[in-house]
Amino acid sequence: MTPEWFCHQSWGSTVTFQLSSYWASSEFLGFSLCAVIAFRSFSHSLQVKCKYHFHNKHGDSHDLYYYLHGWYDEGRMDSDYIFVGFDPCLVAKKEYMFSEYNEVSVEFQPKDMNDNLLPLDLCQVVECGVRLLHANDGLEAMFQAKRARFSVRYYLGKVIRRIKKRRHN
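Residues numbered from 1 in each chain as written. Predicted model: local features only at pLDDT ≥ 70, side-chain atom pairs only at ≥ 80, totals over all residues. Heavy atoms only, no water.

**Student:** Where do I start with the packing of aromatic side chains in this structure?
**Tutor:** What describes a pair of aromatic rings is the distance from one ring centre to the other and the angle between the planes of the rings. Summed over the entire model, instances satisfying the criterion amount to 13 aromatic pairs. Between Phe-54 and Phe-98 the ring centres are 5.1 Å apart and the planes differ by 85°, which places this aromatic pair in the edge-to-face class. Of the two residues, Phe-54 is situated in strand β4 (residues 46-55) and Phe-98 in the loop between α1 (90-94) and β7 (103-111); the sequence distance between them amounts to 44 residues. Taking relative accessible area as the criterion, Phe-54 reaches 0% and is therefore assigned buried. In textbook terms, an aromatic cluster arises when at least three aromatic residues are bridged by ring pairs, as seen for Trp-23, Phe-28, Phe-31, Tyr-52, Phe-54, Phe-98 and Tyr-101. In this structure, Lys-49 packs its charged tip against the face of Tyr-65, placed 4.7 Å from the ring centre. (Phe/Tyr/Trp six-rings, centres within 6.5 Å; stacked < 30°, edge-to-face > 60°. Helix = DSSP H or I, 4+ residues; strand = E, 2+ residues; numbered from the N terminus. Buried < 20%, exposed > 50% of the residue type's maximum accessible area, 1.4 Å probe, protein only. Lys NZ or Arg CZ within 6 Å of the ring centre and 35° of its normal.)

**Student:** Would you mind showing me how to read the nonpolar core here?
**Tutor:** For soluble globular proteins, nonpolar side chains are generally found buried alongside one another. In this structure, Trp-23, Phe-31, Leu-33, Phe-54, Val-106 and Phe-108 are the most contacted members of the largest nonpolar core, which totals 33 residues. When residues of this core are assigned to their parent elements, the largest contribution, six residues, is made by strand β3 (residues 28-39). When residues no more than four places from it in sequence are discounted, the contact partners of Phe-108 are Ser-13, Val-15, Leu-33, Cys-34, Ala-35, Val-48, Lys-49, Cys-50, Val-125, Cys-128, Gly-129 and Val-130. The next biggest cluster of nonpolar side chains, apart from the first, holds six residues, and it includes Phe-6, Cys-34, Ile-82 and Val-84. (Core = buried A, V, L, I, M, F, W, Y, C linked by side-chain atoms within 4.5 Å. Contact = heavy atoms within 4.5 Å.)

**Student:** In this structure, what is going on with the environment of Asp-121? I would like to understand it.
**Tutor:** Inspection of the secondary structure puts Asp-121 in the loop between β7 and β8 (123-134). The exposed category is assigned to Asp-121, whose relative accessible area is 56%. Through-space distance from the C-alpha of Asp-121 to that of Ser-41 is 8.9 Å; in sequence the pair is 80 residues apart.

**Student:** Whenever I open this one, the side chain of His-134 confuses me. Can you help?
**Tutor:** Here His-134 is to be found in strand β8. Reaching out from His-134, the side chain makes a polar contact with the backbone oxygen of Trp-23 at a distance of 2.8 Å. (Polar contact = N/O pair within 3.5 Å; in protein donor to acceptor, adjacent residues only side chain to side chain.)

**Student:** Explain the side chain of Asn-56 here, please?
**Tutor:** Among the secondary structure elements, Asn-56 is positioned in the loop between β4 and β5 (61-71). In terms of polar contacts, Asn-56 uses its side chain to reach the backbone amide nitrogen of Asp-60, at 2.9 Å. Asn-56 has contacts with Glu-100, Tyr-101 and Asn-102, leaving out every residue within four places of it along the chain.

**Student:** When you look at the pattern of salt bridges in this model, what are you seeing that I'm missing?
**Tutor:** Two side chains of opposite charge can pair, provided their charged atoms sit close to one another. According to the stated counting rule, one finds two salt bridges in the structure shown. Here Asp-115 and Lys-49 are joined by a salt bridge, their closest N and O atoms 3.6 Å apart. Remark: Lys-49 occurs in strand β4 and Asp-115 occurs in the loop between β7 and β8; sequence separation between them is 66 residues. Judged by its relative accessible area of 29%, Asp-115 is partly exposed. In this structure Lys-49 comes out as buried when scored by relative accessible area, which is 12%. A salt bridge links Asp-115 to Lys-111; the nearest nitrogen and oxygen atoms lie 3.7 Å apart. The exposure class of Lys-111 is buried, given its relative accessible area of 8%. (Salt bridge = Lys/Arg side-chain N within 4 Å of Asp/Glu carboxyl O.)

Here's what the structure looks like:
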């Protein structure tokens, strides 16, 4: 389900992991994000909110969020879909305080277009993954960032085609 190149993976909607001391350096490119969502008779618009909760050893914390992507077509969904995206996390690059954080939890939340959580009986995050990308990771990191951007378009296109096919049947 979650591609293996996501170093930090978890069952459910939240993944928590330790951050290295250099994670927010000038070499930091951003986060690759992945959520596997199971749908049951789902026919609503959707967006996937990624909520970051950063912690440091002094007990301080800071929250950020990013919208992975969504769709506005209200076709019927009855299977699992993989949502993949890339967040350049520009705030973490600009603000020195982020280099002090040593742990992050990322929660993936399926929401409607009014930012309301969708009920678990309609859709549920079954697993998720995150990968930090750094320029010093070499060409592989750049490839993964481009791959994540392409995957978003590919999976969204695939979802839209399935919805349109179901409407015509």
